[in-house]
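Residue-level listing of the chains:
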Amino acid sequence: MKQLRSSILLSLCILTACVAKDTDTTEIQQIDRQISTIAILPVVSVAEKSDSFSYSQLKKQERGVEVLTEIVYDYFTDYNNITILNDEKVDSFDVSYTANRTAQALSIAKNLGADAVMTINMNRYIDRDGGKYSVQHPASVSFDYRLMHAGNGQTLCSGVYDETQKSLTDNLLSFKSIFKRKLQWVTAEELAREGIFATFGDCKYLFKPKLD
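Criteria and thresholds
Residues numbered from 1 in each chain as written. Predicted model: local features only at pLDDT ≥ 70, side-chain atom pairs only at ≥ 80, totals over all residues. Heavy atoms only, no water. Disulfide = S-S within 2.5 Å. Helix = DSSP H or I, 4+ residues; strand = E, 2+ residues; numbered from the N terminus. Buried < 20%, exposed > 50% of the residue type's maximum accessible area, 1.4 Å probe, protein only. Expected span 1.5 Å × (residues − 1). Contact = heavy atoms within 4.5 Å. Polar contact = N/O pair within 3.5 Å; in protein donor to acceptor, adjacent residues only side chain to side chain. Patch = residues over 30% accessible without salt bridge, like charges linked within 9 Å, V, L, I, M, F, W, Y side chains within 5 Å. Areas by Shrake-Rupley, 256 points an atom, 1.4 Å probe, with all protein chains shown as cover. Salt bridge = Lys/Arg side-chain N within 4 Å of Asp/Glu carboxyl O. Lys, Arg positive; Asp, Glu negative; His and termini not counted. Charge placed at Lys NZ, Arg CZ, Asp CG, Glu CD.

Participant: Provide a residue-level description of the state of the cysteines, including the pertinent values.
Facilitator: This model, assessed by the stated rule, comprises one disulfide. What pairs with Cys157 in a disulfide is Cys203, and their sulfur atoms sit 2.2 Å apart. The S-S bond linking Cys157 to Cys203 shows a torsion near 80 degrees; that makes this disulfide right-handed. Of this pair, Cys157 sits in strand 8 (residues 155–164) while Cys203 is found in the segment after helix 6 (188–200), placing the two residues 46 residues apart along the sequence. Residue classification places Cys157 among the buried positions, given a relative accessible area of 11%. The buried category is assigned to Cys203, whose relative accessible area is 1%.

Participant: Pulling in residues and values, what's your account of helix 4 (residues 101–112)?
Facilitator: For helix 4, spanning twelve residues, the distance from its first C-alpha to its last is 16 Å, which sits close to the expected 16 Å at 1.5 Å a residue. The secondary structure elements touched by the buried residues of helix 4 are helix 3 (87–91), strand 4 (116–126) and strand 7 (140–149). Structurally, the start of helix 4 carries an N-cap: the backbone nitrogen of Thr102 is 3.2 Å from a side-chain oxygen of Asn100. Remark: Gly113 follows helix 4 within two positions and exhibits a positive phi of approximately 75 degrees.

Participant: Now, about a negative patch on the surface: what can you tell me, with residues and values included?
Facilitator: Where like charges cluster on the molecular surface, the negative patch consists of Glu48, Asp87, Glu88 and Asp91. By the element assignment, Asp91 lies in helix 3.

Participant: Can you tell me about helix 2 (residues 55–75), naming the residues and giving the values?
Facilitator: Helix length check: helix 2, at 21 residues, gives a terminal C-alpha distance of 30 Å against a target of 30 Å (1.5 Å per residue), a fit within 8%. All of the buried residues along helix 2 are Gln61, Gly64, Val65, Val67, Leu68, Ile71, Val72 and Tyr75. Those residues of helix 2 hidden inside the fold are in contact with strand 1 (38–40), strand 2 (44–45), strand 3 (82–84), strand 4, strand 7 and helix 6.

Participant: So what about the environment of Val44? Which residues, and what values?
Facilitator: Counting through the fold element by element, Val44 comes out in strand 2. A C-alpha to C-alpha distance of 9.8 Å links Val44 and Gly64, two positions 20 residues apart in sequence. Ignoring any residue separated from it by four or fewer positions in sequence, one finds Val44 in contact with Val65, Arg101, Ile120, Asn121 and Met122.

Participant: Before we move on, could you go through the pattern of salt bridges and cite the residues and values that matter?
Facilitator: Inspection of the entire model under this criterion finds five salt bridges. Taking the shortest distance from any N to any O, the salt bridge between Lys59 and Glu62 comes out at 3.4 Å. Of the two residues, Lys59 and Glu62 both sit in helix 2, three residues apart, roughly one turn of that helix. Judged by relative accessible area, which is 41%, Lys59 ranks as partly exposed. A salt bridge links Glu66 to Arg63, with the shortest nitrogen-to-oxygen separation between them at 3.5 Å. On the criterion of helical spacing, the pair formed by Glu66 and Arg63 is a turn pair, its members being three residues apart in helix 2. Judged by its relative accessible area of 37%, Arg63 is partly exposed.

Given below as structure tokens:
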């Protein structure tokens, strides 16, 4: 009798697990079918909400926003289902400025009729101080992004890129990156471009063949 009860319980557990798995798969498939259009909000610098940045740092952050914006445009140049918004377009929508950024993003997506919306934050942008073969200070870039379902705010994809280039002697584990860069010190723009392809490439809604 005990063996029979154990067998029944085991069967129920397996059946329950299968049902749960099928439900999760169904939900994911439904979401995938819903995501056909994506709105991308302007890149925002963390310096905009901080008083701790010096004038020099603010200028670097502004340059970082410009560069990252250009790279995002380049990345999505062949995507007909993606709309990249500028500040003027965002300001034209009836959005509550007292709401948090997530609520603002979802409101803008609703105005556009987009299925998903992306926010991008520029956290750090410091260009190299020096040339290709010798630097005083290497390039350093950090940004993050979040792609959300416009209907329920669910995070579909997110990513963080944070890198300060190191020399071969400083980091013996980064052979792949070092030799890809031909043993040269890269610019912050080149780091940012690598970061966009690396982080966006991990998201099935944003995937694109990576750089050679």
